[in-house]
Amino acid sequence: MDRKMERTFVAVKPDAVQRGLIGEIIKRFERKGFKIIGLKMMQVDEATAKKHYAEHVGKPFFDNLISFITSGPIVAMVLKGIDVVEQSRHLMGVTDPRQANAGTIRGDYAQIMERNVVHGSDSVESAEREIAIFFEESELATSWHRDTRKWISQSKFENNV
Ligand code: IDP
Ligand code: MG
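Residues numbered from 1 in each chain as written. Chains lettered and ligands numbered in written order. Predicted model: local features only at pLDDT ≥ 70, side-chain atom pairs only at ≥ 80, totals over all residues. Heavy atoms only, no water.

Colleague: Can you help me understand the side chain of Arg28 in this one?
Modeller: Residue placement: Arg28 occurs in helix α2 (residues 22–32). Under the relative-accessibility criterion, Arg28 is labelled buried at 10%. Polar side-chain contacts of Arg28 include one of 3.4 Å to the side chain of Tyr109. Those residues within four positions of Arg28 in sequence are excluded, and the remaining contacts are Leu91, Gly103, Thr104, Ile105, Asp108 and Tyr109. (Helix = DSSP H or I, 4+ residues; strand = E, 2+ residues; numbered from the N terminus. Buried < 20%, exposed > 50% of the residue type's maximum accessible area, 1.4 Å probe, protein only. Polar contact = N/O pair within 3.5 Å; in protein donor to acceptor, adjacent residues only side chain to side chain. Contact = heavy atoms within 4.5 Å.)

Printed below as a string of structure tokens:
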């Protein structure tokens, strides 16, 4: 199977910020070897929240989701890595923490869907759409390399990981 270098958008949600889990959550992605190329704490306004969650407009949980995600700061991130969209979703665990495997972020830190501590894009297309909502391209550190890359990703990617 082809390995693809991708970017994804991840956010530590307001519940996790309140609970002091910023470091715990960033750590999961960092230790996996993904490269953090964007990182900032921010307060999401209502318009941005609605744009980000546009696919859920009209669903019964939509209003609560918008008030939750705007209820306090988030930590927004852009990660780069091999198949990072799918792999970071694996690290997060499924949406409902009751079904999320132990060892995943949601499996370890959350109990209910409405407070599931982390967001991650669900496809490469969503990732690029969401990155553009939360980051200017100039805010991203695109030209640095983790010096550990040859121990983590394929050598054929050595020059662009
Ligand atoms: P995801 O975050 O795993 O991608 P989505 O289906 O995109 O899940 O839903 C976005 C967020 O909306 C979820 O993370 C969760 O917080 C919330 N959510 C999703 N489905 C429900 C539901 O049925 N009831 C309440 N909240 C939900
Ligand atoms: Mg989603």
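Colleague: I would appreciate a short explanation of the sheet that holds strand β3 (residues 74–82) in the present structure.
Modeller: In a beta sheet, neighbouring strands pair by backbone hydrogen bonds and run either parallel or antiparallel. With antiparallel pairing, the four strands of this open sheet are ordered in space as β2-β3-β1-β4. The sheet is open, and its two edges are formed by β2 (35–42) and β4 (118–120), each paired on a single side. Averaged over all adjacent pairs, the angle separating strand axes in this sheet is 20 degrees, with direction ignored. Where β2 and β3 come together, seven bridges link them in antiparallel fashion. (Pairing = 2+ DSSP bridges. Axes fitted to C-alpha atoms, helices over the stretch in contact; angles between N-to-C directions.)

Colleague: When you look at the site of ligand 1 in this model, what are you seeing that I'm missing?
Modeller: Neighbouring ligand 1 are the residues Lys13, Tyr53, His56, Phe61, Leu65, Arg89, Thr95, Arg106, Met113, Glu114 and Asn116. Contacts to ligand 1 include Thr95, whose side-chain N or O atom sits 2.5 Å from an oxygen atom. Within the backbone of Met113, one N or O atom sits 2.8 Å away from an oxygen atom of ligand 1. Look at ligand 1: alone it shows 530 Å² of surface, and the protein chains cover 81% of it. For the shell around ligand 1, the class distribution of residues is four nonpolar, three polar and four charged. (Near = heavy atom within 4 Å. Areas by Shrake-Rupley, 256 points an atom, 1.4 Å probe, with all protein chains shown as cover. Nonpolar A, V, L, I, M, F, W, Y, C, P; charged D, E, K, R; others polar.)

Colleague: Can you walk me through the packing of aromatic side chains in this structure?
Modeller: To describe a pair of aromatic rings, one takes the distance between the centres and the angle between the planes. Tallying each qualifying case throughout the model produces one aromatic pair. Judged by centre distance (4.5 Å) and plane angle (10 degrees), the ring pair of Phe9 and Phe134 falls under stacked. Highlighted residues: Phe9 in strand β1 (residues 5–12) and Phe134 in helix α7 (residues 124–134), separated in sequence by 125 residues. Assessed through its relative accessible area of 6%, Phe134 is described here as buried. Positioned over the ring face of Trp144 is Lys35, at 5.9 Å from the centre of the ring. The ring of Phe135 has Lys40 lying over it, and the distance from NZ or CZ to the ring centre is 4.6 Å. (Phe/Tyr/Trp six-rings, centres within 6.5 Å; stacked < 30°, edge-to-face > 60°. Lys NZ or Arg CZ within 6 Å of the ring centre and 35° of its normal.)

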